[in-house]
Amino acid sequence: MVSQATRKSLLKRRAMDLITSTAILPLLFGCLGIFGLFRLLQWIRMKAYLRNAVVVVTGATSGLGRECAKAFYAAGAKLVLCGRNVEGLEELVRELTAFRSPQQTHKPYTVTFDLTDPRAVMAAGAEILQCFGYVDILINNAGISYRGAIMDTTVDVDKKVMETNYFGPVALTKALLPSMIKRRRGHIVTISSVQGKISIPFRSAYLGQPHLLSPLKAQTQPCQEEDAASKHATQAFFDCLRAEMEQDEIKVTVISPGYIRTNLSVNAVTSDGSRYGAMDRNTAQGRSPAEVAQDVLAAVGKKKKDVILADWVPSLAIYLRNLAPGLFFSIMASRARKEQKSKNS
């Protein structure tokens, strides 16, 4: 009788013979070749899409906006940098042009305005169009964060967050859309957050907490409901815009990152409107803005519609919210009770 070890040896030999046969190897290499060719063509199309494209970046003086400016400039884009800080914008222009490649001959323009001022936004839209005569890609990146409890927050603070995170980007988008529709070409990109997909009680921004779904391991932190509200509104508006603009061949991309290692929490407003002034632990442990900027560049180049840039925990929470809402709400209610009890103790 043939032993079991001999049978396994024979099976392995036959399997190797099958894999290395003249019928399988060409098929395997052919599939790899097709996949490699597809990725190459995708890369070439992305480079062509971004090179010499007129890209507007709001909130360009720091954090993710600054790194996006660097990434798109390195890709050969013509930049219009927007922000409130004139000196910060000029410093960024000097930094970009100092390392300008021979292929990049376009010096970035700067436009200074406050997103919370509707008249200033409309005037800025006209000024932006004067820079190159048109806009190919608008990156709505500027925004503020919030720390505080709903019952402690004044309506003025609610309005301030909404004006910056929602009404400002909407106004600028509407100011630039007519020129895009006229050319039947344009791409609106909005940097939202996973807070635009889901809200967590008594948590800081972006849901990057390792124990997101565990009500038993929650730690009390400032909540961010108003920030979540503005991001939910942003997500809904640009989802609607995507559907409406498809007939005009205007692309819309919403990007939802998790924690990013920037000064967003440091500059956040609190329930009374004052500056938060501290970096959250989870924010400090977040991804680098340069790394996220490369993901934004790739998403825009591939014309993706909706992108989540977060680890598996917040991604799982988003799916749980949609697929098993009853379970999700029970977990969140349990978590809220535990954290409220911790705050009161």
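Before any of the text, the structure's been laid out above.
Let me sum up the structure you'll find in this document. Please read all numbers here as calculations on a predicted model, not as lab measurements.

**A look at a positive patch on the surface**
Taken together, the side chains of R45, K251, K303 and K305 make up a positively charged region of the molecular surface. Looking at the secondary structure, you find K305 in the loop between helix 9 (289-301) and strand 9 (306-309).

**Overview of the environment of K304**
Along the chain, K304 turns up in the loop between helix 9 and strand 9. Taking the relative accessible area as the measure of exposure, K304 reaches 40% and is therefore partly exposed. C-alpha separation for the pair K304 and V254, spaced 50 residues apart in sequence, amounts to 8.4 Å. Discounting residues that sit within four places of it in the chain, K304 has contacts with V252, T253 and A299.

**Examining the packing of aromatic side chains**
Within the structure shown, the criterion is met by 5 aromatic pairs. Taking the centre distance of 4.9 Å and the plane angle of 70° together, the rings of Y166 and F167 count as edge-to-face. Take Y166: its relative accessible area is 17%, and that puts it in the buried class. Residue F167 is classed as partly exposed on the basis of its relative accessible area of 48%. In this structure an aromatic cluster arises from ring pairing among Y166, F167, F237 and F238.

**Structural notes on helix 9**
With 13 residues, helix 9 extends 18 Å between its outermost C-alpha atoms, agreeing within 8% with the 18 Å of an ideal straight helix rising 1.5 Å per residue. Buried within helix 9 are the following residues: P289, V292, A293, V296, L297, A299, V300 and G301. After helix 9 finishes, the residue K303 shows a positive phi value of roughly 55°.

Scoring rules and cut-offs
Residues numbered from 1 in each chain as written. Predicted model: local features only at pLDDT ≥ 70, side-chain atom pairs only at ≥ 80, totals over all residues. Heavy atoms only, no water. Patch = residues over 30% accessible without salt bridge, like charges linked within 9 Å, V, L, I, M, F, W, Y side chains within 5 Å. Areas by Shrake-Rupley, 256 points an atom, 1.4 Å probe, with all protein chains shown as cover. Salt bridge = Lys/Arg side-chain N within 4 Å of Asp/Glu carboxyl O. Lys, Arg positive; Asp, Glu negative; His and termini not counted. Charge placed at Lys NZ, Arg CZ, Asp CG, Glu CD. Helix = DSSP H or I, 4+ residues; strand = E, 2+ residues; numbered from the N terminus. Buried < 20%, exposed > 50% of the residue type's maximum accessible area, 1.4 Å probe, protein only. Contact = heavy atoms within 4.5 Å. Phe/Tyr/Trp six-rings, centres within 6.5 Å; stacked < 30°, edge-to-face > 60°. Expected span 1.5 Å × (residues − 1).

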